[in-house]
Every structure is written in structure tokens, then in C-alpha cells.
Amino acid sequence: MSNPISSLIFTYRSAKKAENGEIGRAPVCVGQAANVFNEVSKFDNMIGSSTKAAASIFKNLSENKALKDTGKPYEYTQKALHYTGRAVKFASENVNPLICISSGIKVATSDDKVGTGITEGGALCGMFMGEGLMKKYQDSIFTGKNVEKVIEKASKNGILKSVGEKIIKSNSSNKVALLAKGIAFVCASMSSYAIGEAAGKNFSGEIKSAFGIKKINQKA
């Protein structure tokens, strides 16, 4: 997931889920936030410079002479920074596996483990299929040239004409395409997750009934 817009939206959603009791979403949120940080820092502008400066705080802290002179506290700080950095890096590189683990935790803590497992499985399958299709086609759909074509057609409307002209004159078509791609990816991911979840719920009752599974007989 290399789009900062979609990463930012997913980070917010994971944070809200963690707040609502889905503890497995906490490391997912960390990984997605790290991806936002990493992607934004690539831009050569004021935002990029700010994030790079923020990143250098940890480096400056680890090289601080006053801290080095403290001996053991310095060593502990170095280790803490090292392991924290590794944990964040791991989370940012393994967002999808962490989402699967989060679903596993949700199943393990549910009273209806089989039903929740089927529902979560359907949701994840739907999400990965939807995201896979988006990743395959989004780069050819959401381009600066396509944005300009849409703007040219929309500019026939008097309300949008001035906005469209400003976007084209300021060479912001690629930025608009990036924004549109991020939002579209999130919409595809959320809708395919919801479709898969709904399908899982519909089938869970039939599957449990076929195997004679009841909540009271389920174990972790």
C-alpha cells in the first residue's frame, strides 16, 4: 500500500477499531501510520522536509552526548529505540498479515467462534480480492492524463470550469489522480470487505447447522 491517502484513511479506521475493543488492530494502526510517514517523506516539499526533520529527532537523540555520558540509561535508551524501530518497520511491512492476526484474535475472543471465523474469513477474502483488482488496474485508470480528460468534459459545466482550468494550469492533475486513486482504493477495500463479511454471515448459519455446531460446545 504505497498511497499516502489510502494509508491515512486506513490508519484512522484501524485506530477507531482499536479504540472500540479490537486490540489486534493496534499494531495494524502502527504499521499503517508508518506507511503514511514513509510515503509523505518522499515528497520534495515543505511536508516532506518536515517529516524528514521529525525522523531525525530519533537519530539526534541516540547521538546526544549528554545522554551518552549517563552510561546505563544511554544503553537502555539505545536498545529501546532500536527495538521500537524494528517493531515499527516490521508492522509497516506486514500490514496484511497483522490484519489476519487481528481477525484471529477476534475469533478467539468471540463466544461464537465458528460463526465469527466464517464471517471474518469471508470478509478477508472479499477485501483481498477487491484490493487485488484495484492494484492491478488502478495505475492505468488514475493518471494525470485521464484526470485532464475528465476535467475537460466537466468544464462544460460553468460551475466546474474555473476549478478545472486552475488544476490544469497549475499542473496538479497528477496530484488529483493520486488523491482519487487513494480514495478509490479505500472504497474498493471497504466495500469488498463488507460484501465478503455479509456473505460469510449468510453462510455461517447454514454451515454450523450442517455440522450441528452450537455456541455452548465451542472451545478456543
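Scroll up a little and you will see the structure.
In this report, the structure presented in the accompanying data block is examined. (Residues numbered from 1 in each chain as written. Predicted model: local features only at pLDDT ≥ 70, side-chain atom pairs only at ≥ 80, totals over all residues. Heavy atoms only, no water.)

A few words now on the overall build of the protein chain. The helix and strand tally for the protein chain stands at 10 helices and zero strands. Along the protein chain, from the amino end to the carboxyl end, the secondary structure elements read α-α-α-α-α-α-α-α-α-α. Among the 220 residues that make up the protein chain, the fraction classed as buried is 33%. (Helix = DSSP H or I, 4+ residues; strand = E, 2+ residues; numbered from the N terminus. Buried < 20%, exposed > 50% of the residue type's maximum accessible area, 1.4 Å probe, protein only.)

As a further point, take a nonpolar patch on the surface. Together, Phe203, Ile207, Phe211 and Ile213 make up an exposed nonpolar region whose accessible area comes to about 410 Å². Tracing the backbone shows Phe211 in helix 10 (residues 173-211). (Patch = residues over 30% accessible without salt bridge, like charges linked within 9 Å, V, L, I, M, F, W, Y side chains within 5 Å. Areas by Shrake-Rupley, 256 points an atom, 1.4 Å probe, with all protein chains shown as cover. Salt bridge = Lys/Arg side-chain N within 4 Å of Asp/Glu carboxyl O.)

The end-to-end C-alpha separation of helix 10 is 55 Å, in line with the 57 Å expected for 39 residues at 1.5 Å each. One or two positions beyond helix 10, positive phi appears at Gly212, with a value near 65°. (Expected span 1.5 Å × (residues − 1).)

We now examine the side chain of Lys113. Within the secondary structure, Lys113 is located in helix 7 (residues 113-141). Here Lys113 occupies a buried position and makes no salt bridge, while the nearest side chain of opposite charge, Asp111, is found at 5.6 Å. Among the polar contacts listed, one links the side chain of Lys113 to the backbone oxygen of Ser110, at a separation of 2.8 Å. (Lys, Arg positive; Asp, Glu negative; His and termini not counted. Polar contact = N/O pair within 3.5 Å; in protein donor to acceptor, adjacent residues only side chain to side chain.)

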